[in-house]
Amino acid sequence: MKVQMIGCSHHNTDVTFREQLAFQPTQAAAALAQMRTLFPRTEAVLLSTCNRMEIYTAAEDEADCPTAEQLINFVAEFHGLVPQDIAAELHNLSGEDAVRHLFSTAASLNSMVVGEAQILSQIKQAYDLANAGDSTGPLTHSTFQAAIRVAKRVQNETSLHEKRVSIPSIAVTDYASRFFERLDDKVVLIIGAGEMAQETLTYLVDKNVGRIVIVNRSRERAEQLAQQTGSEAADWDQLESLLTEADLVVSATAATEPVVTGDMFRQVVEKRYQRPIFILDLAVPRDFDDAISEFINVYLYSIDDMQTVCDANLAARQLEWPKAEKIIAEETELFMKVLFQRITGPWIGRLKQQANEIKEAELQRLQNKLGDLTVDPAVTKEIEITLDRLVNKLLHPPLESLREDVSPDTGTGLLDALKKLFQLKD
Amino acid sequence: MLNVIAMADWLTRISLSCFALSYLIALLLEISRLFYRVSVRSVIIFVMMLAGIFAHTIFLWDKFQADFSGGTPLASWYDWCLVISLALAVTYTIVALQRVRHSVGIFFLPVILGLILFAISIEDHQPFSAQERGNLWGMTHGISLLAGTVSMAIAFTTGLMYLVQASRLKRKLPPRAGFRLPSLEWLQVCNRRSLFLATGLIMIGLFSGIIMNVRFQNDLKNIVPWDDLVVISSSVLLLWLIGVSVFEMLYRPARQGRKIAYLTMASFIFLIMVLCVVIFGEHAETPSVAMLLSGGGI
């Protein structure tokens, strides 16, 4: 039996390298289909996110599983790269190490933002994709299902996920809740349509905001984002009127000068009748003139104002780290034990079946030899029982040893020996 | 049967210090939030508050029964302060249940304990007269003013919380684990509603008092002179509250933010001043006023 992983992550590679190896969902499906053709007896799951590309392979028979080199060649060929150029950057884990790595990744311990929940859903998606393409099997089923369960256990038993550490999540969840009791009756204005705005939007959509308006210098980009998130786009020249209307403003443009000046905001304030407004300026350099924070009932926060909370939350998460690692270690050990015990099952069955076939054949031979001699049926029954007892007593000690000794520590040596000794075939 | 008697006897021995101590422990636990985390703290606070409310209610019920046989029940400033503090304790417990992680107790519990201490300090004051106890206007007057004071105390507490929260947010202070306050929006809504309710109730209370006084025009012994300091200060308070409410309704910038919180707090302080005039002034000691308070007017 073999479980292995080959891949790279943000820990040891830069984004340019990861971009070269990334698989879009359609590419991932095609790659899995190709792998099924190349390695028909191998189960495979392909995980490709912004921060990692990992291929998990598993096979009951180690010989059926592709080697690390074969997998590197496959990845290189798929992306039109030279294997030697990527080999040094890809790391390879097998057996217990691969399982532990998957469990840690699912529990978000290997994420760039430790504790973020997105990775678990990405792992579920990767597993579902492999399932849909018929690339999974008993080993990947049990490994990935266990990984999902372990991630949930870490989530429930530690506060690793409670403290948010990304600026947009802190802005929406921790800060907005200090201003607003509910968001379903609020107007949120998003200025800019870049990555930061996009990430903030995902949190806002989860909060069920009443109305979200995106305004961007390029209307097309704003419309695109609005379509993705079920919000609405507006023209740039509507900015002032939208500021008058908004309860919460998130600004994250790439402008080099303030987008909203003090003079412009003075007119907005007059029309707002001092209605409180919470402004999250997530842009660097800032989009809102600092003087705006002096207006009554205007709460202007920049990215630096939230960085303190980010750092504090990160420190709090670090404290939870050992607890999470302990859970991962426990679960990995248990999983490997169960997995090894599980693989001996079919061979034990096969051995018993082989012994029974010999017994039946010998019993038949005895009945043929006795020929026409009338034998009491009770005696025949007794002979059959004796043979059963003999078979069971002979098989009991080796099978018991097999059950106890096959583990991640001892490997499958005893099982292999048993297969050879009794000439057990697949 | 013996158990029931023993229980009844035990209940009659409940004193003011029982519930005051429960509230004090709850306050200390609330303050401890600022320094360290304990997972069961909220449960202990809730249990302490329930025990306090239970003891408080039994104490007032016993007093009500005792007073009822000999005069007007709960007809003294001492009783009033205890009733107001009980109403605030119940309000706080409900709010705390809905907002387990918020430090609302730090604001509510000192007001509750302050009222209990104030009650102790005026325990020897002359109770209201038993005259006119059945008078409808008198009852309306008393209950309205009592409920108005409770509502104003809530407006004061939420207004204070609003100012603290607004100040923290304006100064961009990060959220503190042991000191979380409800959202500005919630505090503003509670503050506004409590102010309106208090204005309405105090208005009813004062008008019913005027009606009482008019009804006693022919009874010189019981009448409160129109130029009495209490009548004047109460009227000014009412005008102030109406003014604040109208200002809040008509002037749009005042509807939002800190202005209304400041005005509410000023209103509460004004109310306290008027009550002090009533309690400590000569007026409260006169039979006529005592009568009016028990079932008359201020």
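Residues numbered from 1 in each chain as written. Chains lettered and ligands numbered in written order. Predicted model: local features only at pLDDT ≥ 70, side-chain atom pairs only at ≥ 80, totals over all residues. Heavy atoms only, no water.

1. What to know about the overall build of chain B
- When its secondary structure is counted, chain B shows ten helices and zero strands.
- Across chain B, helices and strands are ordered from the amino to the carboxyl terminus as α-α-α-α-α-α-α-α-α-α.
- Looking at the 298 residues of chain B, the share that counts as buried comes to 52%.
- Carbon and sulfur atoms form 70% of the exposed surface of chain B, whose accessible area is close to 14,100 Å². (Helix = DSSP H or I, 4+ residues; strand = E, 2+ residues; numbered from the N terminus. Buried < 20%, exposed > 50% of the residue type's maximum accessible area, 1.4 Å probe, protein only. Areas by Shrake-Rupley, 256 points an atom, 1.4 Å probe, with all protein chains shown as cover.)

2. What about the side chain of B:S103?
- Here B:S103 shows up in the loop between α4 (77-98) and α5 (105-121).
- Under the relative-accessibility criterion, B:S103 is labelled buried at 0%.

3. Observations concerning the confidence of the model for chain B
All names here are of chain B.
- The pLDDT averaged across chain B works out to 78; a share of 80% of its residues lies at or above 70.
- Predicted confidence in chain B is weakest over helix α10 (residues 287-295), with a mean pLDDT of 41, and strongest over helix α2 (residues 16-32), with 92.
- Here residues 283-298 is modelled with pLDDT under 50, and outside its nearest four sequence neighbours on either side it reaches 63 contacts, counting other chains as well.
- For this predicted complex, the interface score ipTM comes out at 0.75, alongside a pTM of 0.64. (pLDDT = per-residue confidence, 0-100. Contact = heavy atoms within 4.5 Å.)

4. Regarding the interface of chain B and chain A
- Contacts between chain B and chain A engage 22 residues on the former and 24 residues on the latter.
- In total, about 2,100 Å² of surface goes out of reach between chain B and chain A, with carbon and sulfur atoms giving 47% of it.
- On inspection of chain B and its partner chain A, the count reaches three salt bridges.
- Close ionic contact of A:D305 with B:K172 constitutes a salt bridge, the shortest N to O distance being 3.4 Å.
- Connecting chain B to chain A are 14 residue pairs in polar contact (both at pLDDT 80 or more).
- Looking at the side of chain B that touches chain A, the elements with two or more residues in it are α6 (136-170), α7 (184-215) and α9 (258-280) of chain B.
- When residues of the side of chain B that touches chain A are assigned to their parent elements, the largest contribution, six residues, is made by α6(B). (Buried area = accessible area lost by both parts, 1.4 Å probe. Salt bridge = Lys/Arg side-chain N within 4 Å of Asp/Glu carboxyl O. Polar contact = N/O pair within 3.5 Å; in protein donor to acceptor, adjacent residues only side chain to side chain.)

5. Brief notes about the packing of aromatic side chains
Residues and elements named next belong to chain A.
- Throughout the structure, instances matching the rule amount to 18 aromatic pairs over all chains.
- Relative to Y301, the ring of F179 has its centre 6.3 Å away and its plane inclined at 90°; by these criteria the two rings are edge-to-face. Of the two residues, F179 sits in helix α8 (residues 167-179) while Y301 sits in strand β10 (residues 298-302), which places them 122 residues apart along the sequence.
- You can call F179 buried: its relative accessible area is 3%. (Phe/Tyr/Trp six-rings, centres within 6.5 Å; stacked < 30°, edge-to-face > 60°.)

6. Describing the sheet that holds strand β1 (residues 2-9) of chain A
All names here are of chain A.
- Strand order in the open sheet made by the four strands is β2-β3-β1-β4, with antiparallel pairing throughout. Sheet topology places β2 (43-48) and β4 (91-94) at the edges, where each strand pairs with a single neighbour. Taking the axes of each pair of neighbouring strands and ignoring which way they run, one obtains an average angle of 15° across the sheet.
- Across eight bridges, the pairing between β1 and strand β3 (residues 52-59) is antiparallel. (Pairing = 2+ DSSP bridges. Axes fitted to C-alpha atoms, helices over the stretch in contact; angles between N-to-C directions.)

7. A word on the environment of A:L363
Residues and elements named next belong to chain A.
- Residue position: L363 is located in helix α13 (residues 303-370).
- On the basis of relative accessible area, L363 is assigned to the buried category, the value being 9%.
- It is 8.3 Å that separates the C-alpha atoms of L363 and I383, two residues lying 20 residues apart in sequence.
- In this structure L363 touches I383, E384 and L387, once residues within four positions along its chain are discounted.

8. Considering the sheet that holds strand β6 (residues 211-215) of chain A
Residues and elements named next belong to chain A.
- The strand order across the open sheet built from six strands is β7-β6-β5-β8-β9-β10, with neighbouring strands paired in parallel fashion. Single-partner strands in this sheet number two, and they are β7 (232-234) and β10. This sheet shows a mean twist of 20° between the axes of neighbouring strands, independent of strand direction.
- Pairing analysis gives five bridges linking strand β9 (residues 277-281) to β10, with the strands arranged parallel. Across the sheet, F278 pairs through a bridge with Y299, a residue of β10.

9. Looking at the pairing of β10(A)
- With five of five residues buried, β10(A) is to be regarded as a mostly interior element.
- Neither face of β10(A) is exposed, since A:V298, A:L300 and A:S302 on one face and A:Y299 and A:Y301 on the opposite face are all buried.

10. Considerations on a nonpolar patch on the surface
Residues and elements named next belong to chain B.
- Together, L21, L24, I25, L28, I31, F35, Y36, V38, V40, V43, I44 and V47 make up an exposed nonpolar region whose accessible area comes to about 1,100 Å².
- Here the element with the most residues in the nonpolar patch is α2; it accounts for five residues.
- Its location among the elements puts L24 in helix α2. (Patch = residues over 30% accessible without salt bridge, like charges linked within 9 Å, V, L, I, M, F, W, Y side chains within 5 Å.)

11. Describing the nonpolar core
- Of all hydrophobic cores here, the largest spans 108 residues; its most connected members are A:F278, B:Y23 and B:L88.
- Ranked by residues supplied to this core, first place goes to α6(B) with 13 residues.
- Listed in part, the 60 residues of the second largest apolar core include A:F23, A:A68, A:F103 and A:I328. (Core = buried A, V, L, I, M, F, W, Y, C linked by side-chain atoms within 4.5 Å.)

12. Digging into the pattern of salt bridges
Residue and element names in this part refer to chain A.
- Tallied over the entire structure, the rule returns 29 salt bridges over all chains.
- Of the charged contacts, one joins R275 and D247 as a salt bridge, the two residues approaching to 2.8 Å between their closest N and O atoms. Within this pair, whereas R275 is found in the loop between α12 (262-272) and β9, its partner D247 is found in the loop between α11 (239-245) and β8 (248-251), the two being separated by 28 residues in sequence.
- With relative accessibility at 24%, the residue R275 sits in the partly exposed group.

13. Details of unusual backbone geometry
Residue and element names in this part refer to chain A.
- Residue S108 is not a glycine yet carries a positive backbone phi of 70°.
- With respect to the helices and strands, S108 occurs in the loop between α5 (96-106) and α6 (118-132).
- With relative accessibility at 0%, the residue S108 sits in the buried group.
- Despite not being glycine, N297 has its phi angle at roughly 60°, a positive value.

14. Describing α8(A)
- Helix length check: α8(A) (13 residues) gives 17 Å between terminal C-alpha atoms against 18 Å at 1.5 Å per residue, within 8%.
- Among the 13 residues of α8(A), twelve are classified as buried, and the element is accordingly described as predominantly covered.
- Buried residues of α8(A): A:I167, A:P168, A:S169, A:I170, A:A171, A:V172, A:T173, A:D174, A:Y175, A:A176, A:R178 and A:F179, and no others.
- Where α8(A) is buried, its residues contact α9 (195-206), β9, β10 and α13 of chain A together with α6 and α7 of chain B. (Expected span 1.5 Å × (residues − 1).)

15. Description of the packing of α13(A) against helix α14 (residues 377-405) of chain A
All names here are of chain A.
- Two numbers describe how α13 lies on α14: the axes approach to 10 Å, and their chain directions differ by 155°. Of the possible angle classes, the one that applies to α13 and α14 is roughly antiparallel. At the point where α13 passes α14, the crossing takes the right-handed sense. On the side of α13, the interface is formed by Q341, T344, I348, L351, K352, A355, N356, K359, L363, L366 and Q367, while α14 contributes T380, I383, E384, L387, D388, V391, L395, L399, L402 and R403.
- Among the residues making up the contact of α13 with α14, the classes are represented as eleven nonpolar, five polar and five charged. (Parallel < 35°, antiparallel > 145°, perpendicular 65-115°, else oblique. Left-handed = near helix turned anticlockwise from the far one by under 90°. Nonpolar A, V, L, I, M, F, W, Y, C, P; charged D, E, K, R; others polar.)

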